[in-house]
Amino acid sequence: MSLHQSIDPSIEELLPLAKKEGIATVWDRHQAMQPQCGFGQLGICCRICWKGPCRIDPFGEGPQRGICGADADTIVARNVSRMMAAGAAAHSEHGRHIALALQQVAEGNYPSYRVKDEAKLKGIARTLGLDCEGKEILDIAAEVARRTLEDFQSQDHGKPCNWISATLTEKRLEKLAALHVLPHNIDAVVAQIMARTTVGCDADATNVILGGVKGALADYAGMVLATELSDALFGTPQPVVTSSNLGVLEEDAVNIAVNGHNPLLSEVICDVAAQMGAEAKAAGAKEGINIVGICCTGNEVMLRHGVPLAANYLSQELALLTGAVDAMVADVQCIMPSLAEISACFHTQMITTMDENKISGATHVPFREATATENARQVIELAIEAFRRRNPKRVSIPRVKQTAVAGFSAEALVGALSKLDPEDPLKPLIDSIAGGAIQGIALFAGCNSTQAVQDSNFVTIAKKLARNNVLLLATGCGAGAMAKNGLMTREATESYAGEPLRAVLTAVGEAAGLGGPLPLVLHMGSCVDNSRAVGVAVAIANKLGVDLDSLPLVASAPEAMSEKAVAIGTWSVALGIPTHLGIVPQVTGSRAVTDILTEKTRGLFGGYFMVETNPDLAADRLLGVIQERRRALGI
Ligand code: NFS
Ligand code: SF4
């Protein structure tokens, strides 16, 4: 039974336990929700005004228009564009949060934070076209923050967001400008999408989708600035050996799971926990404090601190079922509301921290950057207190734990390559691609979804691509899937990489002093860190003097579910990257919109969506695209 739900081995021990205790999980609720609404699945249900809800009859017998006259194309286009706007709002709100923190740090406020990576900050300033010569680091920080915040404030429609102009290829910028999809202001573009899709507005599906694409590119801006400024504040990730899956929880430690996306609090929790070990020991936890990560907050601290990753999205409830989590600390996004209820079945302290993200039943510790250290201490104290109440008889930590090498920022990757060619670090990579030892690059991104067998598509596609000499990158819950399944290890490279790929990964890994090959899948970070992959791709494209849509580069989100994933997938397409979805998106009720997203975008942007739910066939299609692009390049 469990194999139909997930390939995560920890499920085997924990689902029967949930059943025994009468606790429902995401899979039970998925089951109870069947059959899911066909109108919703096709995207042809409209609820944007109170004359509705309206739904279009997909068989052509009932209504073909909503009460206002909107047809299936309009309804589907509006629904999916609004998802793009929501995704952009989520990522850029996270980005704004970081940018505002940097601004305060620059002004000497927020004592819990500092610019940890000055070299990175200077690099960012140069990227944004700022002159750092002779300036103090905090002055540079202030200018970087100001330039970044312009992307949320500018009213100049003719001038694209600074972070977009600074990070894409010239050719791509020209193409996007010609199509009028370059955002000038992240917030304005999100607001425009909401405005133009309200009742009685934009009713031309192509126009609505192009508006959505602009929002998706605003999403990219929000992500790249979140990633880059986080590196300046918290450090740029470097390879680190850590572990993943629920076996990372410890019986003899106060276990604190950090869940969500924004690293502002979790970073400080890591710092403060390092000083509070004695207090945990005094409470009887022989091993002190054990921080573990979930979802993208987990990825953030995994990359920067080597914190082990306990779970990706679909497994977050399982962490509680172990009975060993003393505090589950949530910030924003992808936090299942069910966590509060399940925590209440155990001793676990469920803590929310952001005022705009509360869950009823949870304890709220209002996080403020100005008092971050005190807030972190409060959270840890609550965890220690909960530990004292833990019932050892209810603890069942599955013995599943995989080594994972994480931390492949663009800088780390280039750093490793530079050991082979200090003058021209990208050359070995480009030569390997040109020579065919690396056939192409695939980025695995996105979520877990109950619409698929958890983690399974990721693993199946990755193994097949690796066998065919594709270099693999991963972020978000996709990275979690790869880590839990042992694909972020050198052993995986030895077992699954095609011979030529293995030789390249070995040469780079050994030159970089890792004492063996690079892992089969390179962990680039959280979902906002998809921008790191864009950085690598843009550097390659610039060096070759081509645009992104010429590169043998593909993306795959085999379990996409979140609105954020819709936004990411769409900017990936707009950047010229063929993008695979392993679940059927909620657009197929409109032939026109389906055509736009899977065909017409190809002519406009070079990128397009490919939908294939069978992972084996998906891998074949991705390989086919890579070959097509290689042929076009004459390699
Ligand atoms: Ni991305 Fe990360 Fe995971 Fe999906 Fe959710 S945690 S931001 S949205 S589910 S990958
Ligand atoms: Fe129905 Fe039109 Fe209102 Fe949508 S906007 S709910 S289609 S009347």
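Residues numbered from 1 in each chain as written. Chains lettered and ligands numbered in written order. Predicted model: local features only at pLDDT ≥ 70, side-chain atom pairs only at ≥ 80, totals over all residues. Heavy atoms only, no water.

The name given to the protein chain in an unreviewed UniProt entry is Carbon monoxide dehydrogenase, and the organism recorded there is Desulfuromonas versatilis. Taken from UniProt, the Catalytic activity (unreviewed entry) comment for the protein chain reads in full: "CO + 2 oxidized [2Fe-2S]-[ferredoxin] + H2O = 2 reduced [2Fe-2S]-[ferredoxin] + CO2 + 2 H(+)". Looking at the Cofactor (unreviewed entry) heading of the UniProt record, one finds this comment for the protein chain: "[4Fe-4S] cluster". (UniProt positions renumbered as here; feature names shortened; annotations may be inferred.)

Helix and strand counts for the protein chain stand at 26 helices and 16 strands. Relative to its length of 635 residues, the protein chain is compact, with a C-alpha radius of gyration of 24 Å against a globular reference of 26 Å. Along the three orthogonal principal directions, the C-alpha set of the protein chain runs to about 65 × 65 × 50 Å. Taken across its 635 residues, the protein chain has 61% of its residues classed as buried. Expressed as a percentage of contacts within the protein chain between residues at least 6 apart in sequence, the contacts between residues at least 24 apart total 75%. Of the roughly 23,300 Å² of accessible surface on the protein chain, 52% is carried by carbon and sulfur atoms. Distance between charge centroids for the protein chain: 3 Å, based on 55 positive and 68 negative side chains. (Helix = DSSP H or I, 4+ residues; strand = E, 2+ residues; numbered from the N terminus. Rg over C-alpha atoms; globule rule 2.2 N^0.38 Å. Buried < 20%, exposed > 50% of the residue type's maximum accessible area, 1.4 Å probe, protein only. Contact = heavy atoms within 4.5 Å. Areas by Shrake-Rupley, 256 points an atom, 1.4 Å probe, with all protein chains shown as cover. Lys, Arg positive; Asp, Glu negative; His and termini not counted. Charge placed at Lys NZ, Arg CZ, Asp CG, Glu CD.)

Counting protein donors around the nickel atom of ligand 1 gives one, Cys527 (SG), at 2.2 Å. Angles of 88 to 162° at the metal separate the four donor atoms of the nickel atom of ligand 1, which places the site in the irregular class. Mapped onto the fold, Cys527 is located in the loop between β13 (521–525) and α23 (530–544). (Donors = N, O, S within 2.8 Å, 3.2 Å for Na, K, Ca; no water. Tetrahedral: all angles 85-135°; square planar, octahedral: opposite > 155°, others 65-115°.)

Another aspect to go through is the pairing of β13. When you tally the buried positions in β13, you get five out of five residues, the bulk of the element. The pairing of strand β12 (residues 470–475) with β13 spans four bridges and is classified as parallel. In the strand pairing of β13, Leu473 is matched with Leu522. (Pairing = 2+ DSSP bridges.)

What follows is about the pattern of salt bridges. Here the idea is simple: oppositely charged side chains can pair when their charged atoms come close. Taken as a whole and judged by the stated rule, the model has 33 salt bridges. Where Asp455 meets Lys484, a salt bridge forms, and the shortest distance between an N and an O atom there is 2.9 Å. Pair noted here: Asp455 is in the loop between β11 (440–444) and α19 (456–467) and Lys484 is in helix α20 (residues 476–484), with a separation of 29 residues, a long-range link. When its relative accessible area of 0% is taken as the criterion, Asp455 is described as buried. Ionic pairing is found between Arg602 and Glu628, a salt bridge with its closest N-O pair at 2.5 Å. Placement of the pair is Arg602 in helix α25 (residues 591–605) and Glu628 in helix α26 (residues 615–633), with a sequence separation of 26 residues. Glu628 sits in the partly exposed class, given a relative accessible area of 37%. Each of the salt bridges in this network shares a partner with another, and the network as a whole consists of Lys120, Glu228, Asp231, Glu300, Arg304, Glu411, Asp529 and Arg532. (Salt bridge = Lys/Arg side-chain N within 4 Å of Asp/Glu carboxyl O.)

Turning next to the environment of Ala278. Topologically, Ala278 is positioned in helix α12 (residues 277–282). Ala278 sits in the exposed class, given a relative accessible area of 60%.

Let's shift gears to the nonpolar core. Val144, Phe444, Leu465 and Leu472 are the most contacted members of the largest nonpolar core, which totals 183 residues. Ranked by residues supplied to this core, first place goes to helix α10 (residues 205–234) with 17 residues. Sequence-distant contacts of Leu465, that is, excluding residues within four places in its chain, are made with Ala442, Phe444, Val470, Leu472, Ala619, Leu622 and Leu623. (Core = buried A, V, L, I, M, F, W, Y, C linked by side-chain atoms within 4.5 Å.)

Around ligand 2, the surrounding shell consists of Cys46, Ile48, Cys49, Lys51, Gly52, Cys54, Gly66, Ile67, Cys68 and Val199. The residue inventory of the shell around ligand 2, partitioned by class, reads seven nonpolar, two polar and one charged. (Near = heavy atom within 4 Å. Nonpolar A, V, L, I, M, F, W, Y, C, P; charged D, E, K, R; others polar.)

So, about the packing of helix α11 (residues 263–273) against helix α13 (residues 295–305). The geometry of α11 relative to α13 is characterised by a closest axis approach of 10 Å and an angle of 45° between their N-to-C directions. Classed by the angle they form, the pair α11 and α13 counts as oblique. Between α11 and α13 the crossing geometry is right-handed. Side by side, α11 and α13 meet where Pro263, Ser266, Glu267, Cys270 and Asp271 of the first sit next to Thr297, Glu300, Val301, Arg304 and His305 of the second. By residue class, the composition of the contact of α11 with α13 is three nonpolar, three polar and four charged. (Axes fitted to C-alpha atoms, helices over the stretch in contact; angles between N-to-C directions. Parallel < 35°, antiparallel > 145°, perpendicular 65-115°, else oblique. Left-handed = near helix turned anticlockwise from the far one by under 90°.)

Our next topic: the site of ligand 1. Ligand 1 sits among His261, Cys295, Cys296, Tyr313, Cys334, Gly446, Cys447, Cys477, Cys527, Met561, Ser562 and Lys564. Its residues placed into classes, the shell around ligand 1 shows eight nonpolar, three polar and one charged.

Its 12 residues give α19 an end-to-end C-alpha distance of 17 Å, which sits within 8% of 16 Å, the value for a rise of 1.5 Å per residue. Most of α19 sits out of view: nine of its 12 residues are buried. Among all positions of α19, only Ser456, Asn457, Phe458, Val459, Ile461, Ala462, Lys464, Leu465 and Ala466 are buried. Asn469 sits one or two positions beyond α19 and adopts a positive phi of about 65°. (Expected span 1.5 Å × (residues − 1).)

For helix α24 (residues 563–574), spanning 12 residues, the distance from its first C-alpha to its last is 17 Å, which sits close to the expected 16 Å at 1.5 Å a residue. Within α24, 10 of the 12 residues are buried, which leaves the element mostly enclosed by the surrounding structure. Where α24 is concerned, the buried positions are Lys564, Ala565, Ala567, Ile568, Gly569, Thr570, Trp571, Ser572, Val573 and Ala574. Two or three places before Lys564, at the start of α24, stands the capping residue Ser562, its side-chain oxygen 2.8 Å from that residue's backbone nitrogen. (Polar contact = N/O pair within 3.5 Å; in protein donor to acceptor, adjacent residues only side chain to side chain.)

Looking now at the packing of α11 against helix α16 (residues 372–389). Axis angle and axis distance: for two packed helices, these are the angle between their axes and the distance between the axes, and together they describe the pair. Between α11 and α16, whose axes approach to 9 Å, the crossing angle comes to 70°. Overall, the two elements α11 and α16 adopt an arrangement that is roughly perpendicular. By crossing handedness, the relation of α11 to α16 is classed as right-handed. Contacts between α11 and α16 pair Leu265, Val268, Ile269, Val272 and Ala273 from the former with Ala372, Thr373, Ala376, Arg377, Val379 and Ile380 from the latter. Residues of the contact of α11 with α16, tallied by class, amount to nine nonpolar, one polar and one charged.

By the element assignment, Thr322 lies in the loop between α14 (316–321) and β7 (327–330). Those residues within four positions of Thr322 in sequence are excluded, and the remaining contacts are Leu14, Leu246, Leu249, Arg394, Val395, Ser396, Ile397 and Pro398.

Attention now moves to the confidence of the model for the protein chain. Residues with a pLDDT of 70 or more make up 100% of the protein chain, whose mean pLDDT is 97. The ipTM, which scores confidence in the relative placement of chains, is 0.94 for this predicted complex, and the corresponding pTM is 0.97. (pLDDT = per-residue confidence, 0-100.)

Scanning the entire structure with this criterion turns up four aromatic pairs. Sitting over the ring of Phe39, Arg55 keeps its end group 5.4 Å from the ring centre. One Lys or Arg, Arg394, reaches over the ring of Phe346 and ends 4.2 Å from the middle of that ring. (Phe/Tyr/Trp six-rings, centres within 6.5 Å; stacked < 30°, edge-to-face > 60°. Lys NZ or Arg CZ within 6 Å of the ring centre and 35° of its normal.)

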